[in-house]
Amino acid sequence: MEAKVTEIQFVPKGDARGQLIALEALSEQVPFEVKRVYYIFDTTPGTVRGNHAHKNLKQVLICVSGACTIVSEMPDGTKIENRLDWPNRGLLIEGLVWRQMKDFSKDAVLIVLASEHYDEADYIRDYNQFKKECAK
Ligand code: TYD
């Protein structure tokens, strides 16, 4: 799987009552079957989460309230920063990408749609191991 980070714009179905965003699995916005959803909230100020890569997981990250920053390090060492600060913005992360989540606002709720069930064996939590995998 090619390592890739893609910002996705969701189109809200807005009307006089307000906004609604609907996401379908196996769509352009979520190009995989969703097997798991988790969310991060009530984050202690200054916290940096993540610090890992996945071998075989696709994820779409959406900050449905507040804001946070996702830092992605690609296999060639390139770093990308995406500030997620609106519910119509998603970030698709595929392949071998070292990711960090940081600069959470107090009200941040980061929802993650994942293509696989939780599997600790899919994690690379050691940065040197990540760099070794990238060199392969
Ligand atoms: P952790 O990997 O530290 O989260 P992050 O990537 O945001 O830094 O996960 C925190 C705890 O939650 C850890 O004990 C593993 C557990 N966990 C699950 O049980 N299921 C999940 O889907 C996730 C993402 C974590």
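Residues numbered from 1 in each chain as written. Predicted model: local features only at pLDDT ≥ 70, side-chain atom pairs only at ≥ 80, totals over all residues. Heavy atoms only, no water.

Undergrad: Report on the environment of Val 112, specifying residues and quantitative values.
TA: Considering the arrangement of structural elements, one finds Val 112 in strand 9 (residues 109-114). A relative accessible area of 1% means that Val 112 is categorised as buried. Expressed as a C-alpha distance, the spacing of Val 112 and Val 37, which sit 75 residues apart in the sequence, is 5.6 Å. Among all residues touching Val 112, those that are not within four sequence positions of it are Arg 36, Val 37, Tyr 38, Gln 59, Val 60 and Leu 61. (Helix = DSSP H or I, 4+ residues; strand = E, 2+ residues; numbered from the N terminus. Buried < 20%, exposed > 50% of the residue type's maximum accessible area, 1.4 Å probe, protein only. Contact = heavy atoms within 4.5 Å.)

Undergrad: Quick rundown of the sheet that holds strand 3 (residues 49-54)? Include the residues and the values.
TA: In space, the 5 strands of this open sheet follow the order 6-5-8-3-10, with antiparallel pairing throughout. If you trace the sheet from one side to the other, it starts and ends with strand 6 (79-84) and strand 10 (123-124), each paired once. Sheet topology note: the strand 3/strand 8 (residues 98-102) ladder contains 3 bridges and is antiparallel. If you follow Arg 49 over to strand 8, its bridge partner there is Met 101. (Pairing = 2+ DSSP bridges.)

Undergrad: An account of the site of the ligand is requested, with residue identities and associated values reported.
TA: Surrounding the ligand, one finds Arg 36, Tyr 38, Ile 40, Arg 49, Gly 50, His 52, Met 101, Tyr 118, Tyr 123 and Arg 125. Within the contact set of the ligand, an oxygen atom lies 2.8 Å away from a side-chain nitrogen or oxygen of Arg 49. A distance of 3.1 Å is found between an oxygen atom of the ligand and a side-chain nitrogen or oxygen belonging to Arg 125. When isolated, the ligand has an accessible area of 540 Å², and the protein chains bury 60% of it. Secondary structure elements with two or more residues in the shell around the ligand: strand 2 (36-41) and strand 3. The class makeup of the residues in the shell around the ligand is 5 nonpolar, 2 polar and 3 charged. (Near = heavy atom within 4 Å. Polar contact = N/O pair within 3.5 Å; in protein donor to acceptor, adjacent residues only side chain to side chain. Areas by Shrake-Rupley, 256 points an atom, 1.4 Å probe, with all protein chains shown as cover. Nonpolar A, V, L, I, M, F, W, Y, C, P; charged D, E, K, R; others polar.)

Read these as spatial facts, not as claims about activity.
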